[in-house]
Amino acid sequence: MSDAQKDFRDLLHTQRVWDAPLPRFDPSDAPASPLPLFHAWFAEAVAAGQTEPHTMTLATADAEGRPDVRTLMLHDADERGWHFATHATSAKGRQLAARPHAALGFYWPAQGRQVRVRGTAVPTSREESRADLRARSTGALASALTGSQSEVLPAPEDLERASGAAWERARAEPDAEVESWTRYVVEPQEVEFFQGDDRRRHVRLRYRRGGTGWISELLWP
């Protein structure tokens with residue numbers, strides 16, 4: 001084993017999780033559907049000082065069924081599902097067009113909590129996608145205007161040039177259109193809430209669609 005590998009493993013093995021007291025979660029008090037619980041847990045994560053609680057992982061699969069994953073921002077969570085936005089021409093946009101099944105993961109270590117969502121990613125209306133773009137900051141609009149997401153970048157200078165032009169346009173045209181910008185909603189079939197426990201007696205509560213409502217059940221940790 002090389003010294004670098006040993007140093008890495010030594011560093012890895014010194015890391016700890018959940019050193020602070022964790023909240024208790026009684027699933028018998030959970031609501032009949034997952035959305036109110038998600039809203040409550042999100043607010044509690046913010047109150048606990050969790051860094052970037054609105055970030056989440058999005059898992060998709062390519063045309064060969066190979067999984068892919070990345071981190072992005074939650075734009076809303078409502079009765080339809082969990083919302084995010086991206087270019088329809090990006091890698092994830094193309095993957096979702098071919099295979100709309102998706103999974104989301106939230107991790108809030110400040111409270112030892114995870115939320116997992118599995119369902120179908122559906123594009124929202126063109127009007128909602130336009131409104132989503134208009135609600136973004138100048139920098140976020142400039143990023144969207146830069147375009148070419150997930151394509152090969154021949155040289156850093158090409159990005160500098162395209163980004164500079166995009167920033168100028170974003171400042172001059174705050175209502176600029178980006179036709180490929182698309183807002184999606186993951187319509188959930190399953191939502192799992194995980195509450196960590198320092199004795200490893202983790203609480204896992206899963207909601208799954210059943211008829212016109214939700215079935216809730218506990219899972220072994």
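It should be noted that the structure appears before, not after, this text.
Residues numbered from 1 in each chain as written. Predicted model: local features only at pLDDT ≥ 70, side-chain atom pairs only at ≥ 80, totals over all residues. Heavy atoms only, no water.

Peer 1: An account of the packing of aromatic side chains is needed here, citing residue identities and associated values.
Peer 2: Where two aromatic rings form a pair, the distance of their centres and the angle of their planes describe that pair. Taken as a whole, this structure holds 12 aromatic pairs when the rule is applied. When the ring of Phe25 is compared with that of Trp41, the centres are 5.2 Å apart and the planes differ by 80°; the resulting orientation is edge-to-face. Here Phe25 is found in the loop between α1 (3–13) and α2 (34–47), whereas its partner Trp41 is found in helix α2, with 16 residues between them in sequence. For the pair shown, Phe25 and Trp41 are each scored as buried. For the pair Phe42 and Trp108, a centre-to-centre distance of 6.2 Å together with 70° between the ring planes defines the contact as edge-to-face. Of the two residues, Phe42 sits in helix α2 while Trp108 sits in strand β5 (residues 101–108), which places them 66 residues apart along the sequence. Judged by relative accessible area, which is 1%, Trp108 ranks as buried. Joined through ring pairs, the aromatic side chains of Phe25, Trp41, Phe193, Tyr207 and Trp214 make up one cluster. Its end group placed over the ring of Trp41, Arg113 keeps NZ or CZ at 4.1 Å from the ring centre. (Phe/Tyr/Trp six-rings, centres within 6.5 Å; stacked < 30°, edge-to-face > 60°. Helix = DSSP H or I, 4+ residues; strand = E, 2+ residues; numbered from the N terminus. Buried < 20%, exposed > 50% of the residue type's maximum accessible area, 1.4 Å probe, protein only. Lys NZ or Arg CZ within 6 Å of the ring centre and 35° of its normal.)

Peer 1: Describe the layout of surface pockets, and please don't skip the residues or the numbers.
Peer 2: There is about 290 Å³ of room inside the largest pocket. If you trace the largest pocket, you find 15 residues lining it, with Ala85, Arg136, Ser143, Gln149 and Trp181 closest to the centre. Listing elements by their share of the lining of the largest pocket, those giving two or more residues are β2 (67–73), β4 (82–87) and α5 (138–146). When its residues are assigned to classes, the lining of the largest pocket shows five nonpolar, eight polar and two charged. Every residue lining the second largest pocket is listed: Thr146, Gly147, Ser148, Gln149, Ser150, Glu151, Val152, Leu153, Pro154, Asp158, Leu159 and Ala162. Considering every element that reaches the lining of the second largest pocket, the biggest residue donor is helix α6 (residues 156–172), with three residues. (1 Å grid on protein atoms, 1.4 Å probe; cavity = no way out; pocket = protein on both sides within 12 Å on 5 of 7 lines; lining within 4 Å. Points joined across faces, edges and corners; volume = space filled by probe spheres on them. Nonpolar A, V, L, I, M, F, W, Y, C, P; charged D, E, K, R; others polar.)

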